[in-house]
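An overview of the molecular structure
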Amino acid sequence: MGHEELLARHRAVMPDWMALYYERPIELASASGRRVTDREGRTYLDFFAGILTNAIGYDVAEISDAIRAQLDTGVLHSSTLYLIRSQVELAEKIAELSGIPDAKVFFTNSGTEANETALMLATQFRRSDQVLALRNSYHGRAFATVAITGNRGWSASSLSPVKVSWVHGGYRFRSPFRDLSDADYVKACVADLREVIETTTAGDVACMIAEPIQGVGGFSSPPDGLFAAFKEVLDEYGILFVSDEVQTGWGRTGEHFWGIQAHGVTPDAMTFAKGLGNGLAIGGVVARGDLMDCLTAHSLSTFGGNPIATTGALATLDYLLDHDLQANAAKLGDRLIGGLRSVAADRPAVGDVRGKGLMVGVELVGADGAPDPAKAVAVLEGARERGLLVGKGGLYGNVIRLAPPMTVTEDEVEEALGILEDVL
Ligand code: PLP
């Protein structure tokens, strides 16, 4: 089947709202390291890692061998009604890495399900259907997670099983507090949080859920300490705090293993997915034991934590810890951000270069500073023509997102910078 026919069949049978990148979408045929090759034989350097799914790159022998060994047992999966060795081992590791006291772990198949689970736990625990989220956030595509998502482009439904109020703090570049110092920005966001709790909720809110660095929202990160200041207010009201680490977990932000650690707070729960499986479908929640255990009825996921996914995830986690990929993310992330800031210096189309570690956003603007999504499309296509895959995002679709596998090398960062300089 040729490319045109596959594309036509895709469009005929898949929903119109399912986004595909590029005017001529790519079908991957093979991959290795940080490079992917399409069916037409073109190879690209991948600086979006799927959507941050390929944490350690493609075709890693340690991961493939571990999965193959599990396949060879004949047990792809039966159900989570039986004990699964790799599931228990993975849960123990994540509980320990989380830093959450008495932590327990529940596995899902995606970030969406992880956040749905966290919302279910928090609302049951607090017997409240009220939730606080950040403007410009993205938390998933099921009923409750869509409802709390504060980004019009991704809020696929206007109906909601929870009552949600949104606060400032996530997307600084276009916020009314943008020009304040870091300390005053934090103060302004805290004042906003207090006002929202006092004026838009009944006070008995279940939880706040937030991404330490907003992913779909364009890799925008608040000043360190914002969430510690938020947590003080939340504690006054007994409101739980859930950190959505679906994009920021596993050391990708460089400085810390979890994005929230930059703020010096321990959340009541964290949700994770994406990079953990290095391409396999796995997500989950790690939470305080009393919060995790608050459900009284049975609840399980047939596939969540299955042997293939947890075996691949264990191998991925071991690999990224053994090779200290967090340190690589910190070092090469600094180089990437520094290089892009130099490129941006004489290019007025670049309004902002931001991020941490290997989560770097480049916000493109028009002459008047307004969001310019057409430029982001042009950069996406231009980079592809030159052999580089990047991501796109932001409330207005005008942010280029760079998030290569955490195994990326210095040479590859220089190669990407050269291409981006040319394209920009
Ligand atoms: N939370 C965040 C921060 C995300 O970026 C995403 C996906 O992009 C999700 C949740 C949803 O994860 P999934 O697409 O695996 O359901």
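Calculation criteria
- Residues numbered from 1 in each chain as written.
- Predicted model: local features only at pLDDT ≥ 70, side-chain atom pairs only at ≥ 80, totals over all residues.
- Near = placed C-beta within 6 Å.
- Helix = DSSP H or I, 4+ residues; strand = E, 2+ residues; numbered from the N terminus.
- Nonpolar A, V, L, I, M, F, W, Y, C, P; charged D, E, K, R; others polar.
- Buried ≥ 20, exposed ≤ 12 C-beta atoms within 10 Å, placed from the backbone.
- Pairing = 2+ DSSP bridges.
- Core = buried A, V, L, I, M, F, W, Y, C linked by C-beta atoms within 7 Å.
- Contact = placed C-beta atoms within 7 Å.
- Axes fitted to C-alpha atoms, helices over the stretch in contact; angles between N-to-C directions.

Structural notes on the site of the ligand
- Among the 16 residues in the neighbourhood of the ligand, the closest are listed as Ser 110, Gly 111, Thr 112, Gly 215 and Val 246.
- With three residues, the top contributor of residues to the shell around the ligand is helix α5 (residues 111–126).
- Split into classes, the residues belonging to the shell around the ligand amount to five nonpolar, nine polar and two charged.

So, unusual backbone geometry
- Backbone geometry at Asn 136 places phi at a positive 75°, although glycine is not the residue there.
- In this fold, Asn 136 is placed in the loop between β5 (130–134) and α6 (143–148).

Here's the deal with the pairing of strand β12 (residues 359–364)
- The element β12 is largely enclosed, with a buried count of six among its six residues.
- Judged by which residues are buried, β12 turns out to be covered on both faces: Met 359, Gly 361 and Glu 363 on one side and Val 360, Val 362 and Leu 364 on the other are all buried.
- Pairing analysis gives six bridges linking strand β11 (residues 350–356) to β12, with the strands arranged antiparallel. From the neighbouring strand, Lys 356 faces β12, where its bridge partner is Met 359.
- Between β11 and β12, which pair antiparallel one after the other, the connecting turn spans two residues, and Gly 357 there sits at a positive phi close to 55°.
- Where β12 lies against strand β15 (residues 399–402), four bridges are found, and the strand directions are antiparallel. Bridge pairing in β15 places Val 360 opposite Leu 402.

Observations regarding the sheet that holds strand β1 (residues 28–32)
- In space, the four strands of this open sheet follow the order β1-β2-β3-β13, with mixed pairing throughout. Edge positions in the open sheet fall to β1 and β13 (388–389), since each of these has one partner strand only.
- Sheet analysis places β1 next to strand β2 (residues 35–38), joined by four bridges and oriented antiparallel. Bridge pairing in β2 places Ser 30 opposite Thr 37.

Focus: the nonpolar core
- With 112 residues, the main nonpolar core has Val 131 and Cys 207 as its most contacted residues.
- Each residue touching Cys 207, except ones within four places of it in the same chain, is listed here: Ala 122, Val 131, Ile 239, Leu 240, Phe 241 and Val 242.

Focus: the pairing of strand β9 (residues 269–272)
- Alternating positions in β9 separate into two faces, Ala 269 and Thr 271 on one and Met 270 and Phe 272 on the other, with burial throughout.
- Inspection of the sheet shows strand β8 (residues 240–244) paired to β9 by three bridges, in the parallel sense. Across the sheet, residue Ser 243 finds its bridge partner in β9, namely Met 270.
- In this sheet, strand β10 (residues 283–288) lies alongside β9 in antiparallel orientation, the contact comprising four bridges. From the neighbouring strand, Phe 272 faces β10, where its bridge partner is Gly 284.

With respect to the sheet that holds β15
- With antiparallel pairing, the four strands of this open sheet are ordered in space as β11-β12-β15-β14. The open sheet terminates on both sides in strands that have one partner only, identified here as β11 and β14 (391–393). Strand-to-strand twist in this sheet, taken as the mean axis angle between neighbours without regard to direction, amounts to 25°.
- Strand direction decides the pairing type here: β14 and β15, joined by three bridges, are antiparallel. Among the inter-strand pairings, Lys 392 is bridged to a residue of β15, identified as Ile 400.
- Its contacts with the sheet place helix α11 (residues 325–345) against β11, β12 and β15, and it is angled at close to 170° to β11.

In short, geometric facts, not functional conclusions.
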